[in-house]
Amino acid sequence: MKARFFLPALAVAILAQPVAAHLEDGQIWLIDYVNDSLYRIKADTWQTFTTLTAADGLDGPGAIGFTLHGDMILANYDSNELMEWDGDSTLSLAATSALGLAGPYGATGLIISPGHGDIFISNYDNNEILVLDENFQNPEVFADSGDGIFHPVAMALLAAGQPVVGNGHEDTL
């Protein structure tokens, strides 16, 4: 009896691909790291649409978020970039490793502060949380290994504005 459950569960775990999902305005946005793709799923009908791919500029997409103005931010882990998309035109480059990006990654490795629009990024490769202002400038290390950050993969802001960070394992990727 246990084998009938355990073996299929083990197969799913081994064959699973890294993905992250974000719910925004009745749409489920699903990023597929392995296939360099972004999918939009209509939550009411479950229709799935391929929205962006490597041809649009995705390069190991590792995190997703939305600005206060509704633009989508995608973090490219493989190229150490943040891309911005308004939903109509092509992706535009918003930030690069020149600002300190080093492996922006994590299912929820990118969050936008609701009060002032600061962008908190899980900098997986540097064991830190990097913060950029809403214009993708003025980088600051918010927390690092000295604060207990080790390969951050998930973040959230509590109602009072304090961040909560989930650490990963060094063999995660």
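Above this text sits the structure in question.
Worth saying up front: this structure is predicted, and the values here are computed from it rather than measured. (Residues numbered from 1 in each chain as written. Predicted model: local features only at pLDDT ≥ 70, side-chain atom pairs only at ≥ 80, totals over all residues. Heavy atoms only, no water.)

**Student:** I would appreciate a short explanation of the overall build of the chain in the present structure.
**Tutor:** Broken down by element type, the chain carries 1 helix and 14 strands. Within the chain, buried positions represent 39% of all 173 residues. In the chain, of all internal contacts separated by at least 6 residues, the share reaching a separation of at least 24 is 33%. (Helix = DSSP H or I, 4+ residues; strand = E, 2+ residues; numbered from the N terminus. Buried < 20%, exposed > 50% of the residue type's maximum accessible area, 1.4 Å probe, protein only. Contact = heavy atoms within 4.5 Å.)

**Student:** For this particular structure, what's the right way to read the environment of Gln47?
**Tutor:** When you line up the elements, Gln47 lands in the loop between strand S3 (37–42) and strand S4 (48–52). In this view, Gln47 contacts Arg40, Ile41 and Lys42; residues no more than four positions away in its chain are not counted.

**Student:** Help me out: how do you make sense of the sheet that holds strand S10 (residues 119–123) in this one?
**Tutor:** Working definition: the strands of a sheet are paired by backbone hydrogen bonds and lie parallel or antiparallel to each other. Overall, antiparallel pairing links the 4 strands, which are arranged S9-S10-S11-S12 in an open sheet. In the strand order of this sheet, the two ends are held by strand S9 (110–112) and strand S12 (140–144), each with one partner. Each adjacent strand pair in this sheet contributes to an overall mean axis angle of 20°, direction not counted. Bridging between strand S11 (residues 128–132) and S12 involves 4 bridges; their strand directions are antiparallel. Within S12, the position partnered with Glu128 by the bridge is Asp144. (Pairing = 2+ DSSP bridges. Axes fitted to C-alpha atoms, helices over the stretch in contact; angles between N-to-C directions.)

**Student:** What's the story with the pairing of S4 in this structure? I'm lost.
**Tutor:** For a regular strand, side-chain orientation follows a simple rule: the groups alternate between the two sheet faces. The sheet contact formed by S3 and S4 spans 4 bridges and is antiparallel. Paired with Leu38 across the bridge in S4 is Leu52. Connecting the antiparallel pair S3 and S4 is a turn made up of 5 residues, with Trp46 showing a positive phi of about 65°.

**Student:** Would you take a moment to explain the sheet that holds strand S5 (residues 61–66) for this structure?
**Tutor:** Spatially, S5-S6-S7-S8 is the arrangement adopted by the 4 strands of the open sheet, whose pairing is antiparallel. Across the chains shown, the open sheet's two edge strands, defined by having one partner strand only, are S5 and strand S8 (92–95). Averaged over neighbouring strand pairs, the angle between their axes works out to 30° when direction is ignored.

**Student:** Help me understand unusual backbone geometry in this model?
**Tutor:** Most peptide bonds adopt trans geometry, and most residues besides glycine take a negative phi value. Phi at Asn127 takes a positive value of approximately 55°, unusual for a residue other than glycine. With respect to the helices, strands and loops of the structure, Asn127 is situated in the loop between S10 and S11. Of note, the phi angle at Asn138 is positive, near 55°, even though the residue is not glycine. Structurally, the position occupied by Asn138 is in the loop between S11 and S12.

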